[in-house]
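Read off the chains here:
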Amino acid sequence: MATPTPITDEQLAPFRAAMQTIRTPGTYDKVYNDECVFSFDTPFSPGGLYVSLSNWQGVSASYLTSHSIKTSSPVYVLIKKVRVPKPDDPHSHTPSLTPSPRYVLIKKV
């Protein structure tokens, strides 16, 4: 595993200046982190979904620049989800109509 490189003060300066615009959502505030407000992109899309930390609107990567200019939102968080298929369980039992071997059918004559 590679060691992370330290972040310099020059790299942190734009982020520190934008810290004043970041707000915490309240109880009745809506956070649009399920779908882009302009398109149908979701966190499962290849580029993920960027959520503004100023107004909590979700936008895709293609609309990120225009949304940032229009709303003056400089800080976004990227939400990216990946579907992982379930592994096949060799011990799982598929239901069938035939009785299991542990049951014995007894017929009265």
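In the block above lies the structure referred to throughout.
Thresholds applied
Residues numbered from 1 in each chain as written. Predicted model: local features only at pLDDT ≥ 70, side-chain atom pairs only at ≥ 80, totals over all residues. Heavy atoms only, no water. Salt bridge = Lys/Arg side-chain N within 4 Å of Asp/Glu carboxyl O. Helix = DSSP H or I, 4+ residues; strand = E, 2+ residues; numbered from the N terminus. Polar contact = N/O pair within 3.5 Å; in protein donor to acceptor, adjacent residues only side chain to side chain. Contact = heavy atoms within 4.5 Å. Pairing = 2+ DSSP bridges. Axes fitted to C-alpha atoms, helices over the stretch in contact; angles between N-to-C directions. Buried < 20%, exposed > 50% of the residue type's maximum accessible area, 1.4 Å probe, protein only.

Enquirer: What is the right way to look at the pattern of salt bridges in this model?
Expert: Between side chains of opposite charge, a pair can form as their charged atoms come close. All told, the structure shown has one salt bridge when counted by the stated rule. Arg-16 is the salt-bridge partner of Asp-9, the closest N and O atoms lying 3.6 Å from each other.

Enquirer: What's the story with the side chain of Ser-52 in this structure? I'm lost.
Expert: Residue position: Ser-52 is located in strand β1 (residues 49–52). Looking at Ser-52, its side chain comes within polar contact range of the side chain of Ser-73, at 3.1 Å. Apart from the residues lying within four places of it in its own chain, the contact partners of Ser-52 are Gln-57, His-67, Ser-73, Val-75 and Tyr-76.

Enquirer: Even after reading the chapter, I still don't get the sheet that holds strand β3 (residues 76–79), so can you show me in this structure?
Expert: Paired through their backbone hydrogen bonds, the strands of a sheet run either parallel or antiparallel. The strand order across the open sheet formed by three strands is β2-β1-β3, and the pairing between neighbours is antiparallel. On the outer flanks of this sheet lie β2 (58–59) and β3, each paired with one strand and no other. Of the strand pairs in this sheet, β1 and β2 are connected by two bridges, and their pairing is antiparallel. Bridge pairing links Val-51 to Gly-58 in β2. On the sheet, helix α2 (residues 64–71) packs against β1, β2 and β3 and is oriented at approximately 150° with respect to β3.

Enquirer: Please explain the side chain of Ser-39 as it appears in this structure.
Expert: The topology assignment puts Ser-39 in the loop between α1 (9–18) and β1. Overall, the relative accessible area of 19% leaves Ser-39 in the buried class. Of the polar contacts made by the side chain of Ser-39, one reaches the backbone nitrogen of Asp-41; its length is 3.5 Å. Beyond its immediate chain neighbours, meaning those up to four positions away, Ser-39 contacts Ser-60 and Tyr-63.

Enquirer: Help me understand unusual backbone geometry, please; the structure alone is not making it clear to me.
Expert: In terms of backbone geometry, most residues other than glycine have negative phi values and most peptide bonds are trans. With a phi angle near 60°, Trp-56 is a residue other than glycine that sits in the positive phi range. Its location among the elements puts Trp-56 in the loop between β1 and β2. Look at Ser-72: it is not a glycine, yet its phi comes out positive at around 60°. Structurally, the position occupied by Ser-72 is in the loop between α2 and β3. Residue classification places Ser-72 among the exposed positions, given a relative accessible area of 54%.

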